[in-house]
Amino acid sequence: MLLIGQYDSPFVRRVAIAMRLYGIAYEHKPWSTFGDADTIAPYNPLRRVPTLVLDNGEVLIESMAILDYVDELAGPDKALIAPRGPERYRALKICALAMGLGDKAVSLLYERVLRKDALKLWVERCETQIGGVYAALEKERATVKTPYWFGKGIGHADIAVACVLRMSREAHPTLFDAARYPALAAHAAHCEALPPFQAIVQPLAPPSRD
Ligand SMILES: N[C@@H](CCC(=O)N[C@@H](CS)C(=O)NCC(=O)O)C(=O)O
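Residues numbered from 1 in each chain as written. Predicted model: local features only at pLDDT ≥ 70, side-chain atom pairs only at ≥ 80, totals over all residues. Heavy atoms only, no water.

### Re the environment of Val106
Here is the rule: Going along the chain from the N terminus, every DSSP run of H or I of four or more residues is numbered as a helix, and every run of E of two or more is numbered as a strand. Buried residues are those whose accessible area, probed at 1.4 Å on protein chains only, stays under 20% of the maximum for their type, while exposed residues exceed 50% and partly exposed ones sit between those limits.
Tracing the sequence through the fold places Val106 in helix H4 (residues 85-114). With a relative accessible area of 17%, Val106 lands in the buried category. In this structure the C-alpha to C-alpha distance between Val106 and Glu138, which are 32 residues apart in sequence, comes to 20 Å.

Dropping the structure here:
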């Protein structure tokens, strides 16, 4: 399998970390969505990452859909999410909030680096959305007493939140105040100290207009 995309993307990184935890081997193609767009296009006309190319040539796109596939490969005993019920839908909601935050953090980054003059309306909207999700996730995480969001073992929700926190804090340092979001800061520090997170990491490399 080929996993296309750089690890500074929270979407790519969470897929790669889940695959590492599952012990699923893949070849990594760290192609840039801007610099290598033409290389990505034959696999994914959206020119986006993550893109997963299966051994039979089929291509999966969208991190959620890719994780749905790798969860099935890993099997129910190893799965990083409950198979059904409240624990599953609650975990999916945390993942959706984290990935939505990722969308907004990426959008705000592109606005800043790709436009000559960022649109104030859009910047303010993204900042409000990012702040709203930080606050919601902080509130949820602060009520959790177990080492991970849903118990003693790491799951997709933990990985998604940690990956998005790393990217959004690097991209927009002034929007995250660790004193205001202590439970999230502790969650990020705990996950980032784990071997898969240490192995699968890349400093943010934003695109540029030139
Ligand atoms: N919803 C997508 C989001 C993926 C995404 O936004 N990837 C970014 C990199 S962090 C990308 O491909 N950006 C290029 C573009 O959207 O044109 C997913 O979950 O896979």
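### Points about empty space enclosed by the protein
We apply this condition: Computed over the protein atoms alone on a 1 Å grid, cavities are sets of points where a 1.4 Å probe fits but cannot get out and pockets are open sets with protein on both sides within 12 Å along at least five of seven lines; a residue lines them when it has an atom within 4 Å of a point. Grid points are joined across faces, edges and corners, and a volume is the space filled by probe spheres set on the points. Residue classes follow a fixed rule: Ala, Val, Leu, Ile, Met, Phe, Trp, Tyr, Cys and Pro count as nonpolar, while Asp, Glu, Lys and Arg count as charged, and any other residue, Gly among them, counts as polar.
For the structure shown, the criterion picks out 1 cavity of 30 Å³ or more. Of the volumes computed, that of the largest cavity is approximately 50 Å³. Forming the boundary of the largest cavity are Tyr7, Asp8, Ser9, Pro10, Arg13, Cys163, Arg166, Met167, Glu170, Gln202 and Leu204. The set of elements that each furnish at least two residues to the lining of the largest cavity consists of helix H1 (10-22) and helix H6 (156-171). Of all the elements, H6 adds the most residues to the lining of the largest cavity, at 4 residues. For the lining of the largest cavity, the per-class residue count stands at 5 nonpolar, 2 polar and 4 charged.

### Looking at unusual backbone geometry
With an omega of 5°, the peptide bond running from Val49 to Pro50 counts as cis. Positionally, Pro50 belongs in the loop between helix H2 (37-40) and strand E3 (51-53). Unlike most non-glycine residues, Arg47 shows phi in positive territory, near 60°. Position of Arg47 relative to the elements: it lies in the loop between H2 and E3. The exposure class of Arg47 is partly exposed, given its relative accessible area of 37%.

### Notes on the site of the ligand
What counts is decided by this rule: Nearness of a residue to a molecule or strand requires only that one of the residue's heavy atoms be within 4 Å of it. Pairs of N or O atoms within 3.5 Å make up the polar contacts considered here, provided that, within protein, one atom can donate a hydrogen while the other can accept it, and that residues adjacent in sequence are counted only when both atoms are side-chain atoms. The method behind every accessible area is Shrake-Rupley, applied with a 1.4 Å probe, and residues are considered shielded solely by the protein chains displayed. Pocket or cavity membership: a molecule qualifies when more than half of its atoms sit within 2 Å of the grid points of that site.
Around the ligand, the structure places Ser9, Phe11, Thr33, Arg48, Val49, Pro50, Glu62, Ser63, Asp103, Val106 and Tyr110. Within the side chain of Ser63, an N or O atom sits 2.5 Å from an oxygen atom of the ligand. In the environment of the ligand, a nitrogen atom lies 3.0 Å from a nitrogen or oxygen atom belonging to the side chain of Tyr110. Computed on the free molecule, the ligand has an accessible area of 510 Å², of which 83% lies beneath the protein chains in the complex. In a pocket analysis with a 2 Å cut-off to the grid points, the ligand is assigned to the largest pocket.

### Remarks on the pattern of salt bridges
The cut-off we apply is this: We define a salt bridge as a contact between a side-chain nitrogen of Lys or Arg and a carboxyl oxygen of Asp or Glu at a distance within 4 Å.
Inspection of the entire model under this criterion finds 8 salt bridges. With a closest N to O distance of 2.7 Å, Arg112 and Glu127 form a salt bridge. A residue pair is termed long-range when its members are at least 10 positions apart, and Arg112 in helix H4 and Glu127 in helix H5 (residues 120-143) qualify at 15 residues. Its relative accessible area of 38% is what places Arg112 among the partly exposed residues. Salt-bridge contacts for Arg166 lead to Glu192; the nearest nitrogen and oxygen are separated by 3.2 Å. Of this pair, Arg166 sits in helix H6 while Glu192 sits in helix H7 (residues 182-192), and the two are 26 residues apart along the sequence. Judged by relative accessible area, Arg166 falls into the partly exposed class, the value being 33%. Overlapping salt bridges, with partners in common, bring together Arg13, Arg166, Glu170 and Glu192 in one network.

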